[in-house]
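In case you want the letters, here they are:
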Amino acid sequence: MAETTIYQACTASIDEADIGSLLKCVAEQAQQQNEDLIGGINTFYLIFAGALVYFMQLGFAMLCAGSIREKNVKNVLLWNLLDSAGGAFGFWSIGYAFAYGGDDPESTQKTFMGNSGFFLTGNTDMEFWFFQFAFACALSSIVAGTIAERCQMMAYLCYSIFLCGIVYPACAHAFWSANGIFSAFAKEPLWGTGVIDLAGSGPVHMCGGVAALVMAIVLGPRRGRFYDDDGNVLPEPVPMGPHSVALQFLGTVSSFALWFGWYGFNPGSTLFIHSAQLGDVASLVAVNTTLGAAAGALSGMFTSTLIDERKTGVYTWDTTAAMNGCLTGLVAITAGCATVEPWAGFVIGLVAGWVYLGASALILRLKIDDAVDAIPVHMFGGAWGVLATGLFSNPYRMELAGYATGNLGWFYEWGRGSGNFTLMGIQICSILFVFGWTVVMFTPFCYVLKLLNWLRIDPLEEEVGMDLSRHKGSAYQSDDISDKAKNEFYSSRRKIQMDLSTSGRRKSSKNSAEAEPKAESVGGSEHAAEEAA
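Conventions adopted
- The written sequence of each chain sets the order in which its residues are numbered from 1.
- This being a predicted model, a pLDDT of at least 70 is required before a residue's local features are given, and a value of 80 or more before pairs of side-chain atoms are given or counted; all residues contribute to the totals for chains, interfaces and linings.
- Calculated side-chain values reflect all of the structure's heavy atoms, with hydrogen atoms and water omitted.
- Per the convention used, a helix needs a DSSP run of H or I reaching at least four residues, while a strand needs a run of E reaching at least two, with both numbered from the N terminus.
- Think of it in three bands: residues with accessible area under 20% of the maximum for their type are buried, residues over 50% are exposed, and the middle band is partly exposed, with areas taken using a 1.4 Å probe on protein chains only.
- Positive charge is attributed to Lys and Arg, negative charge to Asp and Glu, and no charge count is given to His or to the chain ends.
- Note on charges: their place is set at NZ of Lys, CZ of Arg, CG of Asp or CD of Glu.
- Every residue pair with non-hydrogen atoms within 4.5 Å of one another is taken to be in contact.
- Working definition: a ring pair exists when centres of Phe, Tyr or Trp rings (six-membered ring for Trp) sit within 6.5 Å. Plane angles under 30 degrees give stacked, over 60 give edge-to-face, the rest tilted.
- Per residue, pLDDT measures the predictor's confidence, with a range of 0 to 100.
- What qualifies as a polar contact is a pair of N or O atoms within 3.5 Å, subject to a donor-acceptor requirement within protein and to the restriction that residues adjacent in sequence count only when both atoms come from side chains.
- Only buried Ala, Val, Leu, Ile, Met, Phe, Trp, Tyr and Cys residues count toward a nonpolar core, and they belong to the same one when joined by side-chain atoms within 4.5 Å.
- Lines fitted to C-alpha atoms define the axes here, with helix axes fitted over just the stretch in contact, and angles between the N-to-C directions of these axes take values from 0 to 180 degrees.
- Throughout, the term roughly parallel applies to angles under 35 degrees, roughly antiparallel to angles over 145, roughly perpendicular to angles from 65 to 115, and oblique to all others.
- Should the near helix be turned counterclockwise from the far one by less than a right angle, the crossing is left-handed, whereas a clockwise turn marks it as right-handed.
- Residue type decides the class: Asp, Glu, Lys and Arg count as charged, Ala, Val, Leu, Ile, Met, Phe, Trp, Tyr, Cys and Pro as nonpolar, and the leftover types, Gly among them, as polar.
- Multiply 1.5 Å by the residue count of a helix minus one, and that product is the helix's expected span.
- Cysteine sulfur atoms that come within 2.5 Å of each other are treated as a disulfide pair.

K.L.:
Can you explain the overall build of the chain? Please cite residues and give values.
P.N.:
Within the chain, the regular secondary structure consists of 19 helices and zero strands. If you line up the chain on its principal axes, its C-alpha atoms span 105 × 80 × 45 Å. The buried share of the chain, reckoned over its 533 residues, is 50%. Charge-centre separation for the chain: the mean point of 30 positive side chains lies 12 Å from the mean point of 47 negative side chains.

K.L.:
So, the environment of D308: which residues are in play, and what are the values?
P.N.:
Examined against the element boundaries, D308 turns out to sit in helix α9 (residues 276-312). Those residues within four positions of D308 in sequence are excluded, and the remaining contacts are G313, V314 and T316.

K.L.:
Got a sec to walk through the side chain of N42? Specific residues and values, please.
P.N.:
Structurally, the position occupied by N42 is in helix α2 (residues 19-67). The exposure class assigned to N42 is buried, which follows from its relative accessible area of 9%. Apart from residues lying up to four places away in sequence, N42 is in contact with L271, F272, I273 and H274.

K.L.:
Explain the packing of aromatic side chains residue by residue, including any values.
P.N.:
Under the criterion given, the structure shown has 34 aromatic pairs. An angle of 80° between the planes, with centres 5.9 Å apart, marks the rings of F91 and Y96 as edge-to-face. Overall, the relative accessible area of 0% leaves F91 in the buried class. With centroids separated by 6.3 Å and ring planes inclined at 50°, the aromatic side chains of F175 and F182 adopt a geometry described as tilted. Here the two residues F175 and F182 agree in accessibility, since each one is buried. Among the aromatic residues, ring-to-ring pairing joins Y54, F91, Y96, Y100, F128, W129, F130, F133 and Y168 into one connected group.

K.L.:
For the confidence of the model for the chain, give the residues involved together with the corresponding values.
P.N.:
On average, residues of the chain carry a pLDDT of 88, and 90% of them reach 70 or more. Across residues 515-533, confidence stays below pLDDT 50; counting only partners more than four residues off in sequence or on other chains, it has eight contacts.

K.L.:
Tell me about the environment of D18, and please be specific about residues and values.
P.N.:
Of note, D18 is situated in the loop between α1 (6-11) and α2. The class for D18 is partly exposed, based on a relative accessible area of 36%. C-alpha of D18 to C-alpha of A186: the two residues are 168 residues apart in sequence and 46 Å apart in space. Within the local environment of D18, its side chain forms a polar contact with the side chain of S21, the two groups lying 2.7 Å apart.

K.L.:
I'd like a description of unusual backbone geometry, backed by residues and values.
P.N.:
Phi is positive for W191, which is not a glycine, with a value near 55°. With respect to the helices and strands, the residue W191 is situated in the loop between α5 (153-176) and α6 (201-219). The residue L271 is not glycine, and still its phi comes out positive at about 70°. Mapped onto the elements, L271 comes out in the loop between α8 (258-265) and α9.

K.L.:
How would you sum up the nonpolar core? Please name residues and give values.
P.N.:
Of all hydrophobic cores here, the largest spans 95 residues; its most connected members are Y168, M215, F265 and F442. Counting residues per element, this core draws most heavily on α5, at 14 residues. If we skip the residues at most four places from it in the chain, F265 touches V53, M56, F131, F135, A138, A199, V204, H205 and T334.

K.L.:
I'd like to hear about the packing of helix α3 (residues 73-100) against helix α4 (residues 126-146), residue by residue, with values.
P.N.:
At a minimum axis distance of 8 Å, the contact between α3 and α4 shows a crossing angle of 130°. Taken together, the axis directions place α3 and α4 in an arrangement best described as oblique. As α3 runs across α4, the sense of the crossing is right-handed. On the side of α3, the interface is formed by W79, N80, D83, S84, G87, A88, F91, W92, Y96 and Y100, while α4 contributes F128, W129, Q132, F133, A136, C137, S140, S141 and A144. The residue inventory of the contact of α3 with α4, partitioned by class, reads 12 nonpolar, six polar and one charged.

K.L.:
Describe helix α15 (residues 422-451), listing the residues and the values that go with them.
P.N.:
Working note: α-helix, 3.6 residues per turn, so residues spaced by three or four point in the same direction. Counted at 1.5 Å a residue, the expected span for α15 with its 30 residues is 44 Å, and the 44 Å between its end C-alpha atoms agrees. Within two residues after α15, N453 carries a phi angle of roughly 60°, on the positive side.

K.L.:
Tell me about the packing of α8 against helix α10 (residues 319-336), and name the residues and values.
P.N.:
Closest axis-to-axis distance for the α8/α10 pair is 11 Å, and the angle between their directions is 5°. Viewed along their axes, α8 and α10 adopt a mutual orientation that is roughly parallel. Across the interface between the two elements, L258, W259, W262 and F265 from α8 touch C326, L327, L330, V331 and T334 from α10. Its residues assigned to classes, the contact of α8 with α10 shows eight nonpolar, one polar and no charged.

K.L.:
Describe the state of the cysteines, with residues and values.
P.N.:
For the coordinates displayed, the defined rule picks out one disulfide. There is a disulfide in this structure between C10 and C25, and the S-S distance comes to 2.2 Å. Linking C10 and C25, the disulfide has an S-S dihedral of approximately -90° and is accordingly described as left-handed. One end of the pair, C10, is in helix α1; the other, C25, is in helix α2, and 15 residues separate them in sequence. As a non-bridged cysteine, C171 has C207 as the owner of its nearest cysteine sulfur, 4.1 Å distant. The closest cysteine sulfur to the non-disulfide-bonded C326 is located on C337, 15 Å from its own sulfur. Relative accessible area serves as the criterion here: at 1%, C326 is assigned to the buried category.

Below you can see the structure in the form of structure tokens.
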């Protein structure tokens, strides 16, 4: 059946002789159809971008699984599933409300967190919730690799809900809410500009990286990583993984993973795509995302090669430096991808590779055990990205992306003879906020888990691996676990089962003993007692 045209709809209620009313009806109907089309396009764009962001979970899972030892693969894969499950619950119940609930674009009042829309009650843009949920899941997955091979399942589930429900929403509110203290989209933004961070170098990546740092410190390193069993410092850190470089690479650069998902993460953060101007912004974002990743991979790999050659006299090509340099470049370009020129995007990625190498060496020197180097990639890379945006943002790109142009990137301020440090100051303040808020909230949370004995697994379970001890068998036939450790583990499990069985028999005997006098009092005979039993 053919659809009714605008003209037919109007002439059904208006006489064709009334030209003025007919033209007005046609114009109103056309405008309404145009608005409906724009709304549908933007909704599809955001859902599609959110799906790409969520697809990054596959990349996180493969990267984490490949980076650790084979005896913990099932455990870390399950963790990445729980990121989505626990994160969805936390963000649905309270997280979204704390991030965006009660936003009033017409108000000049600044708020620390949202205060309405819990459990998605009220008028909520469902497509925007889905997009932001995918961001929250990505944030939660950052910590998974850092604390792998030694953290209890209970602690991980609790942390996923806490991070997505409380910690991240406050950062998202501060950066992106219409009433956020740093938001560039507020009616009266901070110091006339507000923070420039399109897709979350600060509120997503740096927040996740700081959470990983806190949890790694409280949790402590894996057994044998920096210290022997007597607590003596080892001459060199003991390498622990990766067990599969193929999985690492698939997680980082293939069409199934993180780099691919970043094309939803960054371009999707424009939120709308219905005009040529917005299309130009999204296109620049995609280009800068590509250049940042490429430059980070190149600088990370070649710099690592040159350092190794100076130390050993042999050229080697470090796959880990290339992969994590690439990821650090992606993290760093995330903030300024809409406000910097492509050449600046390449420079930001180039420096990001060096930031990764320096930060990785630093945390190793500090004996902080990060199984996948998420802290250098996300915390340090995120901080560099926010700072770099304060250096390279130019007026033309800022205006096109919808930012105020009263304060420019510092290099451009110098170019016009100003030296105005305002935007750079806002960027620095936002970094301090993310770091301070995450540390203040996450430190006591981790210590509470530790006090409840929910944080770290048993040393024997750590030795045999989480797959064997908690997930009903290893993912692979592995020679990584010694026969002695296996025998000790199976003996401990048999003892637990025997204790449980003994406890059950004692309880049964006690119930029988209590039942006998009760039967005698009712029936007054031994036969009645036997029948009662």
